[in-house]
Amino acid sequence: MKFVSTRNPGGPTVSFPEALFRGIAPDGGLYHPVEEPDLRALVRSLGEDASYVDCAAALIEGLFGEDHDAEQARRLALKAFPFQPRLRSLGPGMELLELFHGPSCAFKDFGASFLAATMEEELLRGGGESYIPAGRAIILTATSGDTGSAVAHAFAGRRNIDVVILYPSGRVSPLQEKQLTTLGGNILALEVRGSFDDCQRMVKEAFSDPDLAGRLTLTSANSINVGRLIPQSFYYVYAFAQLREREEDELVFCVPSGNFGNLTAGILAWHWGMPVSGFIAATNANDVVPRFLETGVFTPRPSVKTLANAMDVGNPSNFERLQHLFGGAGSMPIRGLLTGLSVPDAVIAATMKKTWETRGELLCPHTAAGVYAAQTFLDAERAENTLVVTLATAHPAKFVEVCREAVGVEPEIPERLACLLERPKQSVLVDNTLHALSRELLNRFT
Ligand SMILES: *Cc1c(COP(=O)(O)O)cnc(C)c1O
């Protein structure tokens, strides 16, 4: 599988490892697969009895067969996915695909863990390529909380990789801070005296600094990396395989969305041959994509703060990929497959409360937006033969305050989060300047 920039579809192609380590194309575009593999037969061959690792291994081989035979594909799948999604019923026509059983309790674990496993595999080959000359790399990333914790857990203990995470001092939740700062080893947490924007600016400046570039191999692990995008398509195929024997003959996925990476991955799976009838994009009050689907006009706007804060995005970066997938500016084909609904905070809170009272299920606010959109879709279509699978993107325990406010209950904290709270914080306090960051990097890694 080769990759090309969304900004120059006829331009030069790069290999998967190169796309992984470069992260973003030199022209500023996003990497996107050139070929459209036909995985229809492969998807059809997977049934209810296929485990998550079976599905992932089959897809890795199907997509990257030139680099991974069946045995290597299975080894990579086992290494990347020691945790699994779980399906559970949420009433007639409604399924939840729980994606929060990984180490950081959110779906981002799937993408981050696959990225870490593939990068480690490439680096252990010894380097020599222009993008990893010495066979070692440093992941440099800024976080406002959630992405950083998935990345930290995914890379902890991986060989030949160090991770440097910048986070704004005093501006992440206590649990998020523990997730970033208690791993130690190859994970360095830099606590920046400044805002998240400062952290992002420092990372950007470091990437374009010629002195650092000459001395260190810096790479990013942000959500637009194809190494995080592609593995997110695996759980759609897994859910499809699990549910294909059901009597309902239409399957629709409902995806709580912010940057639209998760949804793009589902649409990729559809593109490659997973026969589902549609997708629902559930957003919070940040409604640029639902508006686009209604009007055909895409108007990015500054984001507004909501209860579902991991989806507070006013200019979703993966929109460029969705457009690329559907052949440029024309929005008609995308509108046939995708519907959108923006769910305001009051409705998110009411859905959390209602689902708790009627089913005893505590949802995180993002998942609640999805469940509401799924129910609205089912009601509007009066679709008796339709099954909607809503992606449960995070564990409610990551949003204790929201659960307390909206539902009046305390979520149970899973053991893997609870034990982090006991560990000591290890971070290095730095000023919000490139100079401070460079000094830290050069001291440690040269
Ligand atoms: C990141 C995130 C989302 C949004 O996913 P995108 O791929 O950015 O659309 C939704 N829910 C949770 C809990 C998240 O962490």
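As shown above, the structure is provided for reference.
Residues numbered from 1 in each chain as written. Predicted model: local features only at pLDDT ≥ 70, side-chain atom pairs only at ≥ 80, totals over all residues. Heavy atoms only, no water.

Novice: Help me understand the pattern of salt bridges, please; the structure alone is not making it clear to me.
Specialist: For side chains bearing opposite charge, pairing can occur when the charged atoms are close. Under the definition given, this model contains 25 salt bridges. A salt bridge links Arg88 to Glu361, with the shortest nitrogen-to-oxygen separation between them at 2.8 Å. Of this pair, Arg88 sits in strand E3 (residues 86-89) while Glu361 sits in the loop between helix H16 (345-359) and helix H17 (365-381), and the two are 273 residues apart along the sequence. Under the relative-accessibility criterion, Glu361 is labelled buried at 13%. In this structure, Asp287 engages Arg301 in a salt bridge whose closest nitrogen and oxygen atoms are separated by 2.6 Å. A residue pair is termed long-range when its members are at least 10 positions apart, and Asp287 in the loop between strand E10 (278-283) and helix H13 (288-295) and Arg301 in the loop between H13 and helix H14 (319-325) qualify at 14 residues. When its relative accessible area of 37% is taken as the criterion, Arg301 is described as partly exposed. One network of salt bridges, with partners in common, ties together Lys79, Glu120, Arg158 and Arg159. (Salt bridge = Lys/Arg side-chain N within 4 Å of Asp/Glu carboxyl O. Helix = DSSP H or I, 4+ residues; strand = E, 2+ residues; numbered from the N terminus. Buried < 20%, exposed > 50% of the residue type's maximum accessible area, 1.4 Å probe, protein only.)

Novice: Honestly, the nonpolar core in this entry has me stumped. Any pointers?
Specialist: Nonpolar side chains in soluble globular proteins generally cluster together in the buried interior. Counting 97 residues, the largest nonpolar core has Phe3, Phe155, Phe234, Tyr236, Phe253 and Phe279 as the members making the most contacts within it. When sequence neighbours within four positions are dropped, the list of residues in contact with Tyr236 reads Phe253, Val255, Asn262, Leu263, Ala265, Gly266, Ala269, Met274, Phe279 and Leu391. Residues Met94, Met311, Cys364 and Leu378 belong to the second largest nonpolar core, which totals 34 residues. (Core = buried A, V, L, I, M, F, W, Y, C linked by side-chain atoms within 4.5 Å. Contact = heavy atoms within 4.5 Å.)

Novice: Would you mind going over unusual backbone geometry with me for this structure?
Specialist: Backbone phi values are negative for most residues with the exception of glycine, while trans is the configuration of most peptide bonds. Of note in this structure, Cys105 is not a glycine but carries a positive phi near 65°. Relative to the elements of secondary structure, Cys105 occurs in the loop between strand E4 (94-98) and helix H5 (108-124). For Asn160, which is not a glycine, the phi torsion comes out positive at approximately 65°. Mapped onto the secondary structure, Asn160 falls in the loop between helix H6 (146-155) and strand E6 (161-168). For Asn160, a relative accessible area of 23% translates into the label partly exposed.

Novice: Sorry, what's going on with the pairing of E10 here?
Specialist: Successive side chains on a regular strand alternate, one facing one side of the sheet and the next facing the other. A large share of E10 lies buried, amounting to six of its six residues. Burial of the side chains of E10 extends over both faces: Gly278, Ile280 and Ala282 are buried on one face and Phe279, Ala281 and Thr283 on the other. Relative to E10, strand E9 (residues 250-256) runs parallel, the two sharing five bridges. Bridge assignment links Pro256 to a residue of E10, and that residue is Ala282. In this view, the connection linking E9 to its parallel neighbour E10 by way of helix H12 (residues 261-271) has right-handed handedness. Both E10 and strand E11 (residues 338-342) contribute to a ladder of five bridges, which runs parallel. Opposite Ile280, over in E11, you have Thr339 as the bridge partner. (Pairing = 2+ DSSP bridges. Right-handed = clockwise from strand over helix to strand, strands pointing away.)

Novice: What is the right way to look at the side chain of Thr367 in this model?
Specialist: Relative to the assigned elements, Thr367 resides in helix H17. In this structure Thr367 comes out as buried when scored by relative accessible area, which is 1%. Apart from residues no more than four positions distant in its own chain, Thr367 is found in contact with Leu96, Pro256, Thr390, Leu391, Ala392, Thr393 and Ala394.

Novice: Before we go on, may I ask you to explain the packing of aromatic side chains in this structure?
Specialist: Two aromatic rings, taken as a pair, are described by how far apart their centres are and by the angle between their planes. What the rule picks out here adds up to 21 aromatic pairs. Arranged with centres 5.0 Å apart and planes meeting at 75°, the rings of Phe83 and Phe110 form a pair that is edge-to-face. Highlighted residues: Phe83 in the loop between helix H4 (70-80) and E3 and Phe110 in helix H5, separated in sequence by 27 residues. Here Phe83 and Phe110 have matching classes, each one buried. A ring pair is formed by Tyr236 and Phe279, whose centres lie 6.2 Å apart and whose planes are at 65°; its orientation type is edge-to-face. Residue Tyr236 is located in helix H11 (residues 234-243), and its partner Phe279 is located in strand E10; the two are separated by 43 residues in the primary sequence. The class of Tyr236 is buried, set by a relative accessible area of 0%. (Phe/Tyr/Trp six-rings, centres within 6.5 Å; stacked < 30°, edge-to-face > 60°.)

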